[in-house]
Amino acid sequence: MPAAEVPLPPELIRRLLAAQHPDLADLPLTVLAHGWDNLVCRLGTAYLVRLPRRARAAGLVRNEQRWLPSLAARLPLPVPTPVREGVPGCGYPWAWSVVPYLPGETAAHTPPADPGAAARALGAFLGALHTPASPEAPVHAARGVPLAHRAAGVAENLAALGEPAAYEVWRRALAAPEWTGPPLWLHGDLHPANILVHEGELSGVVDFGDLTGGDPATDLAAAWMLFPREADRDTFRAAHGGVDEATWTRARGWALALGLVFVTHSADNPLMAGVGRRTVGAVLGEG
């Protein structure tokens, strides 16, 4: 994982809260996760604090702050719409957010009890999200783009994997017609560690920092990342509605590309390495 570019001790977070949101400053504060981009802390019982840990993520927090409030109302699962916004201060250089705490474990830790029900829920969620994006939507260099833009990195990772069947999946995905519709709103980073499960059911979708507009195949890759069985992926596809064969073929290619990234770049993160291995297995097991 990338190293943090700024120190984020709890004392700093308390100073930021005291200076900008003093009514929250005395709530219990517990570090929950050091992600690739953000530090996440539990704040009391109702909130989380999300702070970028490297410069690349600073703009991603602003994307969530700007766009999630307008998108959340139409989405059928809870999302962490910021309830407070933070600005640079106390020596910390970037914007940050206070968001609601959504109950549940990540699907990477705790898979849903009923995969078929989860497939329907996640498919419907993406069907609601995948609408024409605003012309002002964030532009992302690596998500929502034509698969050919990922070709160099995938070729390197395929060579490391050394699995002939993977080359054929990737060849078919690259050969599929590109997306010609309008750019659609995308989560951009939809994998099991960004999907919540509570009491066996999907309970929320988090981490919208990579929100962008583009080819929905990027998000549809989650079908292979979360559902090992082809029958559940078919349920997911039907619940989304309107996924043509070319988009589904590209989505399988996206799943392979992202799974390979997790396999080859998660030596210090066994959880995400496991997600990568399972994703590649699901992609190659489909035939």
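To be clear, the structure that these remarks concern was listed above.
Not measured: the values here are computed from a predicted model. (Residues numbered from 1 in each chain as written. Predicted model: local features only at pLDDT ≥ 70, side-chain atom pairs only at ≥ 80, totals over all residues. Heavy atoms only, no water.)

(A) Seen up close, the nonpolar core. The biggest cluster of nonpolar side chains holds 59 residues, and the ones touching the most others in it are Leu 122, Phe 125, Trp 185, Trp 224, Phe 236 and Leu 256. No other element matches the nine residues that helix H9 (residues 245-264) contributes to this core. In this structure, Leu 12, Ile 13, Ala 25 and Val 49 belong to the second largest nonpolar core, which totals 19 residues. (Core = buried A, V, L, I, M, F, W, Y, C linked by side-chain atoms within 4.5 Å. Buried < 20%, exposed > 50% of the residue type's maximum accessible area, 1.4 Å probe, protein only. Helix = DSSP H or I, 4+ residues; strand = E, 2+ residues; numbered from the N terminus.)

(B) Region of the structure containing the sheet that holds strand S2 (residues 38-43). Strand order in the open sheet made by the five strands is S1-S2-S3-S5-S4, with antiparallel pairing throughout. Where the open sheet ends on each side, the last strands, each with one partner, are strand S1 (29-34) and strand S4 (84-86). For this sheet, the mean angle separating the axes of adjacent strands, direction not counted, is 25 degrees. As paired strands, strand S3 (residues 47-52) and strand S5 (residues 96-100) are joined by four bridges and run antiparallel to one another. Paired with Leu 48 across the bridge in S5 is Val 99. Contacting S1, S2, S3, S4 and S5, helix H1 (residues 10-20) runs over the sheet at an angle of about 85 degrees to S5. Of the strands in this sheet, S2, S3, S4 and S5 touch helix H2 (residues 58-72), which is tilted by about 45 degrees from S5. (Pairing = 2+ DSSP bridges. Axes fitted to C-alpha atoms, helices over the stretch in contact; angles between N-to-C directions. Contact = heavy atoms within 4.5 Å.)

(C) Here's a closer look at the sheet that holds strand S8 (residues 195-198). With antiparallel pairing, three strands are arranged side by side in an open sheet as S6-S8-S9. Strands with a single pairing partner mark the edges of an open sheet, and in this sheet they are strand S6 (105-106) and strand S9 (201-205). As paired elements, S8 and S9 share four bridges and run antiparallel to each other. Looking at S9, one finds that Ile 195 is bridged to Val 205. Its contacts with the sheet place helix H3 (residues 115-129) against S8 and S9, and it is angled at close to 25 degrees to S9.

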